[in-house]
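What the coordinates show
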Amino acid sequence: MSLLKIKEFDPNYRESFEGKDIKGMDVYANANEKIGTVSDILVDEQGHFRYFVVDLGLWIFGKKVLLPVGRSRVDHTADRIYTVGMTKQQAENLPEFHEHKEIDYNYEEQVRGVYRSEGFLEDSGSVDTATSRGMGTAIAPPPPIPDHQKNKNVYDYQQEPALYELNDENHQTFKLYQERLIANKVREKTGEVIVGKHTETETARVSVPIEKERVVIERVTPPDAGEAVPLGSDTFNSGEVAHLEVYEENADIHKEVFLREEVKVNKVVDHETVEGEEVLRREELDVNTEEHPNVEGPVRK
């Protein structure tokens, strides 16, 4: 199983630790002896912590080594990490960690070999931070690893919990939770309005008065009919004697389109307030110090 730096696995890993960064925390061999700092964290493909990369600048200048998480004690209050039973001599025996060198099975076995050594396990019980910080007792030595399991194809970190599991006894962190009411709005479609047009027909009737001209020829007998007319006043002509133009009107009925009205379609938002209530729970810390008067109560920081 390949190992990754924590930022390679999750660029936003700080969000999982409430904005805090384990990288940069001081590393102590005991309550008063600082040996270096955490320069990085190695995780497996599932994101489980496997090693702290410790820069031993105060012990061995320029050397970085791997500290299995099971061989550490994390003090969140003081932002410190304590090693379990590490001496300067044992730190010198650890293979050096190089940033760009591949971490293979053989390299890890060299690291595990130092932490499995009898001398290292004997020194594990001498750490004095358990008493001063309430960190618990030393971790018991792991059982021997059968040879058939020491194979890079079958190795499982879970088979050595003393090296790779964070011991709850040594990492006592209590979280108090509280509920809060979250009010959000969800936009949901409740319906739709479709505005369209259609054409209706009707039969319209209109009356248009028109005029037509006609010629009326009337022949009448004048009062002096039969009397002789003076000589020379008679006119006997042939041809056209009158010319009249006759007109009439025709009805011109047709259709034309005109604008009758405009229809504007808009949306308006009606506002209202919706109230809701829920019962919220909150955890509080109960500390009984009656039987142990020298135990200080919780101090909020």
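Treat the numbers as computed from the prediction; the structure is a model and nothing was measured.

What follows concerns the overall build of the protein. Secondary structure summary: the protein contains 6 helices and 7 strands in total. Reading the protein from its N terminus to its C terminus gives the helix and strand order β-α-β-β-β-β-β-β-α-α-α-α-α. Looking at the 301 residues of the protein, the share that counts as buried comes to 26%. In the protein, once contacts between residues fewer than 6 apart in sequence are set aside, the share between residues at least 24 apart is 63%. Summed over all atoms, the accessible surface of the protein reaches about 24,800 Å², with 48% contributed by carbon and sulfur.

What follows deals with the pairing of strand β3 (residues 34-43). Two faces make up the sheet, and in a regular strand the side chains alternate between them. For β3, the tally of buried residues reaches 7 of 10 residues, placing the bulk of the element in the interior. Relative to β3, strand β1 (residues 4-5) is paired through 2 bridges, and the arrangement is antiparallel. When the sheet's bridge partners are listed, K5 is paired in β3 with L42. Here strand β2 (residues 26-28) pairs with β3 via 3 bridges, running antiparallel.

What follows deals with the pattern of salt bridges. For the structure on display, the rule yields 12 salt bridges. Here R116 ties to E160 by a salt bridge, and the two come within 2.7 Å at their closest N and O atoms. You can see R116 sitting in helix α3 (residues 105-116) and its partner E160 sitting in the loop between α5 (129-133) and α6 (161-164), a full 44 residues away along the chain. Assigned by exposure class, R116 and E160 land together as buried. Salt bridges linked by common partners bring E108, E109, R112, R116 and E160 together as one network.

Here we come to the pairing of strand β4 (residues 49-55). β4 sits mainly inside the fold: 6 of its 7 residues count as buried. The pairing of β3 with β4 spans 6 bridges and is classified as antiparallel. Pairing of V43 across the sheet is with F49, part of β4. Hairpin connection of β3 to β4: 5 residues between the antiparallel strands, including G47 at a positive phi of 90 degrees.

Another aspect to go through is the nonpolar core. Most often, soluble globular proteins have nonpolar side chains that are buried together. F52 and I81 are the most contacted members of the largest nonpolar core, which has 39 residues in total. When residues of this core are traced back to their parent elements, those giving at least two are β3, β4, β5 (64-68), α3 and α6. Leave out the neighbours within four places in its chain, and I81 touches I22, M25, D26, V27, Y28, V38, F52, L67, S72, R73 and V74.

Another aspect to go through is unusual backbone geometry. Phi is positive for D79, close to 55 degrees, though the residue is something other than glycine. Relative to the helices and strands, D79 resides in the loop between β6 (72-75) and β7 (80-83).

Glancing now at the packing of aromatic side chains. Per the counting criterion, the structure on display carries 4 aromatic pairs. Relative to Y164, the ring of Y51 has its centre 5.5 Å away and its plane inclined at 90 degrees; by these criteria the two rings are edge-to-face. Here the residue Y51 occupies a position in strand β4, and Y164 occupies one in helix α6, the gap between them amounting to 113 residues. Across this residue pair, the class does not change: Y51 and Y164 are buried. Ring geometry for Y157 against Y164: centres 4.7 Å apart, planes inclined by 75 degrees, an arrangement best described as edge-to-face. Taking relative accessible area as the criterion, Y157 reaches 4% and is therefore assigned buried. You can call Y164 buried: its relative accessible area is 3%. An aromatic cluster is defined as three or more aromatic residues linked by ring pairs; in this entry it consists of Y51, Y157 and Y164. Over the ring of Y28 we find R80; its NZ or CZ atom is 3.9 Å from the centre of that ring.

Moving on to the confidence of the model for the protein. Within the protein, residue pLDDT values average 79, and 79% of them lie at 70 or more. Ignoring residues within four places in sequence, the model shows residues 125-142, a span with pLDDT below 50, making 48 contacts including any to other chains.

Our next topic: α3. Taking 1.5 Å of rise per residue, 12 residues should cover 16 Å, and α3 covers 16 Å from first to last C-alpha, within 8% of that figure. For α3, the tally of buried residues reaches 9 of 12 residues, placing the bulk of the element in the interior. Taken residue by residue, α3 has Y105, Y107, E108, E109, V111, R112, V114, Y115 and R116 as its buried positions.

What counts, and where the lines are drawn
- Residues numbered from 1 in each chain as written.
- Predicted model: local features only at pLDDT ≥ 70, side-chain atom pairs only at ≥ 80, totals over all residues.
- Heavy atoms only, no water.
- Helix = DSSP H or I, 4+ residues; strand = E, 2+ residues; numbered from the N terminus.
- Buried < 20%, exposed > 50% of the residue type's maximum accessible area, 1.4 Å probe, protein only.
- Contact = heavy atoms within 4.5 Å.
- Areas by Shrake-Rupley, 256 points an atom, 1.4 Å probe, with all protein chains shown as cover.
- Pairing = 2+ DSSP bridges.
- Salt bridge = Lys/Arg side-chain N within 4 Å of Asp/Glu carboxyl O.
- Core = buried A, V, L, I, M, F, W, Y, C linked by side-chain atoms within 4.5 Å.
- Phe/Tyr/Trp six-rings, centres within 6.5 Å; stacked < 30°, edge-to-face > 60°.
- Lys NZ or Arg CZ within 6 Å of the ring centre and 35° of its normal.
- pLDDT = per-residue confidence, 0-100.
- Expected span 1.5 Å × (residues − 1).

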